[in-house]
Amino acid sequence: MLRQRPFLVEILTAIALIAAPFVLPYLGFTPTTINRILIWGLLGIGFDLLFGYTGLLSFGQSAFFGTGGMFAAYMLTETPLENTIVALFLGTIVAGIIGYLVGLIALRRTGIYFAMITVAIAEVFFFVEFNPLSEYTGGENGLPGVPTPNLELGFTTIQFDSNWSMYVFFAFWYFVGLVIALRLVRSPVGLLLRAIRDNPLRAEALGHNIHGYKLAVFVIAAMYTGFAGGLLGMMQGFMPPDAFMFATSGEIVIQTAIGGAGTLFGPLLGAAVWLYLNDLLQTTLHLGASWKLVLGIVFVLLVCFLRRGLVGAIADLYHMATREKDGARKVEPAPAPAVMASSAPAPVRAVPDPAPAGRNRAIDKSGQILQATGLTKRYGGVVANSDIDFTVDYGEMRGIIGPNGAGKSTFFKMLTCEVPPSSGKIVFEGRDITSMGVNDVCQLGLTKSYQINQLFERLTVRENLAIAALGELRGRFKLDLFRSLSGVPGLDEQIAKTASLVNLTARLNTPVSELAYGEKRRLEVGLALATSPSLLLLDEPLAGMSPQERVETVALLKSIAQGRTMIIIDHDMDSLFELVENVTVLQEGSVLVEGTPEEIKNNAKVQEAYLGGVQGEMA
Amino acid sequence: MVNWANFISQCFNGLVLGALLAVISSGLTIIYGTLGVLNLAHGAMFMLGGYAGWLAYTYSGSFIVALAAGSLFVMLVGVVTERLIIRHFYSRPPEDQLLVTFGLGIVFVEGVRFFFGSLSKTTPPPALFQGITDLGFMFYPTYRLAALGIVAIALLVLYYVLYKTRIGMIVRAGIEDSVMVDSLGIDVYKIFMLVFGIGAMAAGFAGIVNAPVVSIAPDVGEAILVQTFVVVVIGGVGSFPGAIIGGLIAGEIISITSMFNPAYSYVMLFVAMTLVLVLRPHGLLGTAGRE
Amino acid sequence: MAEFKSGNKGMGGISRRHVLQLGAGVASATFIPGLGTIGWAYADDKPAIGTWPAGSEGDTVYLGAAVPLTGTYAAQGADELKGWELAVDHINEGHELMKKFAPKIDKGLLGKKVKLLSADSGAKPNNAVQAEQTFINQNKIILMTGSTSSAVAVALNKFAEREKILYVAGISGSNDTTGKDCVRYGFRQNFFGQTAAAAIGPVLVKQFGKNRKAAFMTPDYTYGHTVTKSVNDYLKEHAGWEMVTNQVSPLGTQDFSQYLTNIANSGAEFLVNVNWGRDAVLSTQQAKQFGLLPKMTLVIPYQIPFLAKEVGPEITEGVYAATDFWWTLEDKYPLAKMFVDAFQKKYGYRPEWGAENSYVSFAQWARMVSEAGSFYPVDIIKQYEKGETIPSLIGDVHYRPEDHQCVRPVIIVRGKAKKDMKNDEDYWEVLEVVPGEGLMQAPDAFGCKLGDYT
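Residues numbered from 1 in each chain as written. Chains lettered and ligands numbered in written order. Predicted model: local features only at pLDDT ≥ 70, side-chain atom pairs only at ≥ 80, totals over all residues. Heavy atoms only, no water.

Q: So, the overall build of chain A: which residues are in play, and what are the values?
A: Broken down by element type, chain A carries 28 helices and 14 strands. Considering only C-alpha atoms, chain A reaches an extent of 90 × 60 × 50 Å along its principal axes. Buried positions account for 59% of the 619 residues belonging to chain A. Across chain A, the fraction of contacts at a sequence separation of at least 24, relative to all contacts at a separation of at least 6, is 74%. (Helix = DSSP H or I, 4+ residues; strand = E, 2+ residues; numbered from the N terminus. Buried < 20%, exposed > 50% of the residue type's maximum accessible area, 1.4 Å probe, protein only. Contact = heavy atoms within 4.5 Å.)

Written out as structure tokens, the structure reads:
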């Protein structure tokens, strides 16, 4: 929908912002409340990018709100600077710098630890504002006397000194902030942020420097927050020290949650509800001291009954309405993939050029693509792999088998640099990759599909494949914040090609969460393929499949094997032996034997140590 | 102000404060470890304990009765809260759990204000522990010494429950691997309800023990909540021994810093926490399981 | 969705430039209500300003109070609110006490009823400003009040200056409120750090002589630091007292044991506790637990409403404090008696000084309005600035035109032993009523520069 009408959201927002002053007062909103909602909404856009899109729950936004606001206020009250817009941007930049420094520390951890570090850092900022810097910040008194916004045009200066004229100023900046954020979420970076939210490890494994993107969005959120802080000072004529308090961070989280995270508009809506309730309970209903009790109860009820916030509730209602309307049309695409799946081998063979789109090096080269020497991995006292020597030639199909606990997955993890070996060396295409990161080796063309699906569950098949393809097309880190996804050259082709390879073309716009298991398995392989690897590792690609699905997947793997180098782990030896040219057998963390499938089948050691013991499991 | 007598005294203060933080934090940490819910209403539970104890004391005149009645009341509040509200949030994103417990915290605090007003209430210490004790190097309020003992006993009881009883085993197993417990055929929901109750009770108990030291007001739990988080993070989320060590470390940091410059004591606490997190990702005694 | 689609089709024809122009058009249209008010109506010598004249055109004028009803200052805030409520009632019913302050009122003010609006500030400046902004928008309030801390008072001072709406301070002890942060539109009735120090200092010296040792407990914000400095300066210069330690604690501290341990080891004979609100209650209780009291004499230079009630007479016995008002002054001052009686009748307890300050500051404002005969803020300010002698509950006072501070007596009290209490609220014995004139600093000593009238 967004693709077809690129400016629909922007235009509707502009209309709403223009209409608001004519409509909202009739609903009991005062002009200052409306202005406040815009400030919180603007700050919320940044927070939503961080939390709703990237999944980073920060309780430390007060640090940036206060810093940006205080800096702007200080410039306007204590220095000759009079241009409020310059002051706003200076505050924004300072907040961004602070955000960068805080991000360097806080982003070392995730989840609850990340949240706690942000709380701690924000508390330290409050203290610093309150005590050591009180000469500049006014301590507990804050900075009074902040001028109202103005716009210097050279020949004249426009003053935004009444509530409604300030509304124009704030609404303009809200609109600018929203347009920027919309561009951002539609950009490749925006897609990667959601990838990080859904599955950071896989995003990293697909060749993206997720730490870099997290830091970038953290800084962006800090800048939005700092800008909003500056606006607060101008709106009130006073920059309060409260901006630094934990309550500020808490409120933005609450408002975003009420409104709905991951929507950009959620925080605005949440702020409107929150501030409206504040006004209503206190100044309209005159509840006195018990207003907060009522607010608390209302809030708990909202959280209990609105699962994805107000925007989520509205979206659900909308879906319910539209589903009823064109229910018949919706049913249709569902059976299609079932048909496709059962006739899978046919279209796979029909693919004209299965060669990878990007890196074609594998085809023309000969010799060894991968050499591992003396690879050892110890976990505490347990040795998972010991002294493995392993080489693979260009264009080879290699199988790895071994009983459970033989160290196959650990071995793969070392080859893809997910875990560093305790000792040993890995050389890929003539380059020592032993100490590289997982995203670096993916960029070099070595990647893996996982034993347990590692997909981006909340995104569509197309978006999943795009995340994988972007790694190769854009490199590990690039801040193309304002480029649209469709503007990435070669992306659509790569997605289309990969989708047809793994037979998911008809499901491109389906969310992953709605896929059947077999489809998810194929997408898992597709993600690895879309990075155009020159060496592809497949960790039990047939795991958990029905016999029918196995037949199809083997055919699929055969077709994609042309022109690629692949290493496959699997327990299904019949299928594996059908696929590969050579087999390596691991036992208890070491190489037992290597040879062609025929040799392995007939090898006495293998039969004794492996085949005999796990007959039951293989069935 | 830096001299030996003062240093030892401050270490002692840190011990008393730390022991109190340890009890509250162990409640928070077992709830988080088992249920995966970070209970932002934990400070309110602490406060509720203080008020329940004060009320029981007002009617009975006995500190022991206050301690027992207050603890049981908060446990009941915890169990009911879990059953009616928290239970519906296990399948929801962590931020929803934060929000609902945050909201419940507001409701508890403002509910108490509604019924009991904003003026602070004082529960006197039991007659046995009134007055001041000469420790040789300093004079110390007798009740604080007693509180140290009461808290130590409480921690021992909690240790016994967690490590020596079947319920405790299940709880600890749940902290390590909740899926496993699930597959053992144990009614996980019952365990969760109990754990939430016990965790709340720990906070409530601490609230009563603290009431003769710091007179209670509706907001009494607010400041303690953030400190409790710091303790849990330093010690390692989900770790009972971690909560105790974290509590003592936090208490000592606050007390010893205040000897040099009181204004920096909380900053030092946060600096320490950040350092721990940067150097030891999962806290001093935490496991990699929960994030 | 159908409507959306068709609507969007229509939009498709409009270029973005058109939209921008449309936006600009609306923008200029919305300017008009804001800027327009300056243009219309009223004689040239009284152009519209703030909420004037809109706020006083109906038959009711509104006053807005932003007062902490939740948070650590909630108890003091609730008391203050009762003082304002009572004052507004008295204005509307033409109560005889109110007539002593403002003889020209007549069941209302200038023929209009007065209505008090209140909202919870949580003692946070930002919330206070937010609440007042809402009142201005919704009710066009003509007077603002509220504060239990100087942070809020200073914030509202500056806000009053910007909005050109009068502000009378609630409890605010910092020298800055009528010092470096003073404004043309703000007034303070109550005593403050400087006058408290100047009043309690001589009493201490008279009682305890020279060259004593005092430990200070100071809350870590401007109010605390200024009061500590004022008291310490006085005692040092006039009687050679020594500050042996100054324990600075953050706002909202619950456990004071570290600070008290430091004081216990300092060899002090006096404990000057500058903490306020709940911090004062807790620090005082714990000082007793640590045995510092009654070993040391406790001095509270800026008395906290309800302190004695919360900590009990066992602790306040023998404590010296400076305050704005204590109800036993009713024995000496008839107005005080009328106030205490009226308050007790309505609320069931005897008022503390927060309520007294609220009542008196409103009563004095009502006097200024009725004497000026106008709600025009500049007229009211000029009425205040005449510096006329006006009544308070404890004798005649006046406002200084230079800094808008009321020159009023400071009351020195000493805590009674429980056995000496005549009723359950008889906590303090008034030692002295120190006249205000001698306590005040020079008007410009704290850097006060009032702003413009318009």
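Q: How would you summarise the overall build of chain B if you had to cite specific residues and measurements?
A: Each helix and strand counted, chain B has eleven helices and two strands in total. Each helix and strand of chain B, placed in order from N terminus to C terminus, yields the pattern α-α-α-α-β-β-α-α-α-α-α-α-α. Across the 291 residues that make up chain B, the buried fraction comes to 62%. Long-range pairs, those at least 24 residues apart, make up 77% of the contacts in chain B between residues at least 6 apart in sequence. If you sum the accessible surface of chain B, you get close to 10900 Å²; carbon and sulfur atoms cover 72% of it. (Areas by Shrake-Rupley, 256 points an atom, 1.4 Å probe, with all protein chains shown as cover.)

Q: Just give me the short version of the sheet that holds strand 3 (residues 143-145) of chain C, but keep the residues and values in it.
A: Residue and element names in this part refer to chain C. Strand order in the open sheet made by the five strands is 2-1-3-4-5, with parallel pairing throughout. Of all strands in the sheet, those with a lone pairing partner are strand 2 (113-120) and strand 5 (186-187), marking the two edges. Bridge analysis of strand 4 (residues 166-168) against strand 5 gives two bridges, and the strand direction is parallel. Its bridge partner lying in strand 5, Val 168 is registered against Phe 187. (Pairing = 2+ DSSP bridges.)

Q: Describe the interface of chain A and chain C, naming the residues involved and giving the relevant values.
A: Facing 56 residues of chain A, the contacting portion of chain C comprises 44 residues. In total, chain A and chain C occlude about 3900 Å² of area from one another, counting both sides; carbon and sulfur atoms represent 61% of this. Put simply, chain A and chain C have zero salt bridges between them. Applying the counting criterion to the chain A and chain C interface returns eleven residue pairs in polar contact (both at pLDDT 80 or more). Elements with a minimum of two residues in the side of chain A that touches chain C: helix 1 (8-23), helix 2 (31-53), strand 3 (157-159), helix 7 (163-186), helix 10 (210-236), helix 12 (266-284) and helix 13 (291-305) of chain A. With eight residues, the top contributor of residues to the side of chain A that touches chain C is helix 1 of chain A. Classifying every residue of the side of chain A that touches chain C gives 31 nonpolar, 18 polar and seven charged. (Buried area = accessible area lost by both parts, 1.4 Å probe. Salt bridge = Lys/Arg side-chain N within 4 Å of Asp/Glu carboxyl O. Polar contact = N/O pair within 3.5 Å; in protein donor to acceptor, adjacent residues only side chain to side chain. Nonpolar A, V, L, I, M, F, W, Y, C, P; charged D, E, K, R; others polar.)

Q: If you had to explain helix 1 (residues 4-35) of chain B to someone new, which residues and values would you point to?
A: Residue and element names in this part refer to chain B. When the terminal C-alpha atoms of helix 1 are compared, their 45 Å separation across 32 residues agrees well with the 46 Å that a helix rising 1.5 Å per residue should span. Burial within helix 1 is extensive, with 26 of its 32 residues counted as buried. At the C-terminal side of helix 1, Gly 36 shows a positive phi close to 75°. (Expected span 1.5 Å × (residues − 1).)

Q: Can you explain a nonpolar patch on the surface? Please cite residues and give values.
A: Where nonpolar side chains cluster on the molecular surface, the patch consists of A:Ile93, A:Ile97, A:Tyr100, A:Leu101, A:Leu104 and A:Ile105 and spans about 530 Å² of accessible area. By secondary structure assignment, the location of A:Tyr100 is in helix 4 (residues 84-106). (Patch = residues over 30% accessible without salt bridge, like charges linked within 9 Å, V, L, I, M, F, W, Y side chains within 5 Å.)

Q: Please give an account of unusual backbone geometry that cites residues and values.
A: Cis geometry is adopted by the peptide bond preceding C:Pro53, which originates at C:Trp52 and carries an omega value of 5°. Counting through the fold element by element, C:Pro53 comes out in the loop between helix 2 (16-39) and strand 1 (60-67). Here C:Leu293 and C:Pro294 are connected by a cis peptide whose omega angle stands at 0°. Position of C:Pro294 among the secondary structure elements: in the loop between helix 10 (277-289) and strand 9 (297-300). Positive phi outside glycine occurs at A:Glu540, with the angle close to 50°. Mapped onto the secondary structure, A:Glu540 falls in the loop between strand 11 (535-539) and helix 24 (547-561). When its relative accessible area of 10% is taken as the criterion, A:Glu540 is described as buried. The backbone phi angle of C:Ala123 is positive, close to 65°, even though this residue is not glycine. Secondary-structure assignment places C:Ala123 in the loop between strand 2 and helix 5 (125-139). Classification of C:Ala123 as buried rests on a relative accessible area of 17%.

Q: Let's hear about the interface of chain B and chain C: which residues, and what values?
A: Frequently, the measure chosen for interface size is the accessible area that the parts lose on association. Residue-level contacts link 35 residues of chain B with 31 residues of chain C. Carbon and sulfur atoms make up 52% of the surface buried where chain B meets chain C, a total of about 2600 Å² over both sides. At the surface where chain B touches chain C, the tally comes to one salt bridge. Here B:Arg144 and C:Asp255 are joined by a salt bridge, their closest N and O atoms 3.2 Å apart. The tally of links from chain B across to chain C stands at 16 residue pairs in polar contact (both at pLDDT 80 or more). For the side of chain B that touches chain C, the secondary structure elements donating two or more residues are helix 1, helix 4 (94-116), strand 2 (139-141), helix 9 (220-235), helix 10 (240-260) and helix 11 (265-279) of chain B. When its residues are assigned to classes, the side of chain B that touches chain C shows 20 nonpolar, eleven polar and four charged.

Q: Describe in detail the packing of aromatic side chains, supporting the description with residues and values.
A: Residue and element names in this part refer to chain C. Applying the stated criterion to the full structure yields 57 aromatic pairs over all chains. With a centroid separation of 4.8 Å and an interplanar angle of 50°, the aromatic rings of Phe 343 and Tyr 347 are classed as tilted. One end of the pair is Phe 343 and the other is Tyr 347, both in helix 13 (residues 334-347) and four residues apart, which spans about a single turn. Across this residue pair, the class does not change: Phe 343 and Tyr 347 are buried. (Phe/Tyr/Trp six-rings, centres within 6.5 Å; stacked < 30°, edge-to-face > 60°.)

Q: Residues and numbers for the packing of helix 7 (residues 193-208) of chain C against helix 8 (residues 222-239) of chain C, please.
A: Residues and elements named next belong to chain C. Running from amino to carboxyl end, helix 7 crosses helix 8 at an angle of 35°, the nearest separation of the two axes being 8 Å. Where helix 7 crosses over helix 8, the handedness of that crossing is right-handed. Residues Gly 193, Gln 194, Ala 197, Ala 198, Gly 201, Pro 202, Leu 204 and Val 205 of helix 7 pack against Val 227, Ser 230, Val 231, Tyr 234, Leu 235 and Ala 239 of helix 8. (Axes fitted to C-alpha atoms, helices over the stretch in contact; angles between N-to-C directions. Left-handed = near helix turned anticlockwise from the far one by under 90°.)

Q: Describe the pairing of strand 12 (residues 395-399) of chain C, and please don't skip the residues or the numbers.
A: All names here are of chain C. Across three bridges, strand 11 (residues 390-392) lies against strand 12 in antiparallel orientation. Residue pairing in the sheet places Ser 392 in a bridge with Gly 395 of strand 12. The hairpin turn running from strand 11 into strand 12, its antiparallel successor, is two residues long. Direction of pairing for strand 12 relative to strand 13 (residues 406-407): antiparallel, over a ladder of two bridges. Residue His 398 lies in a different strand from strand 13, and its bridge partner there is Val 407. Connecting the antiparallel pair strand 12 and strand 13 is a turn made up of six residues, with His 404 showing a positive phi of about 65°.

Q: Account for the confidence of the model for chain B, with residues named and values stated.
A: In the predicted model, chain B carries a mean pLDDT of 87, and the fraction of residues at 70 or more is 93%. Interface scoring of the predicted complex returns ipTM 0.91; its pTM is 0.88. (pLDDT = per-residue confidence, 0-100.)

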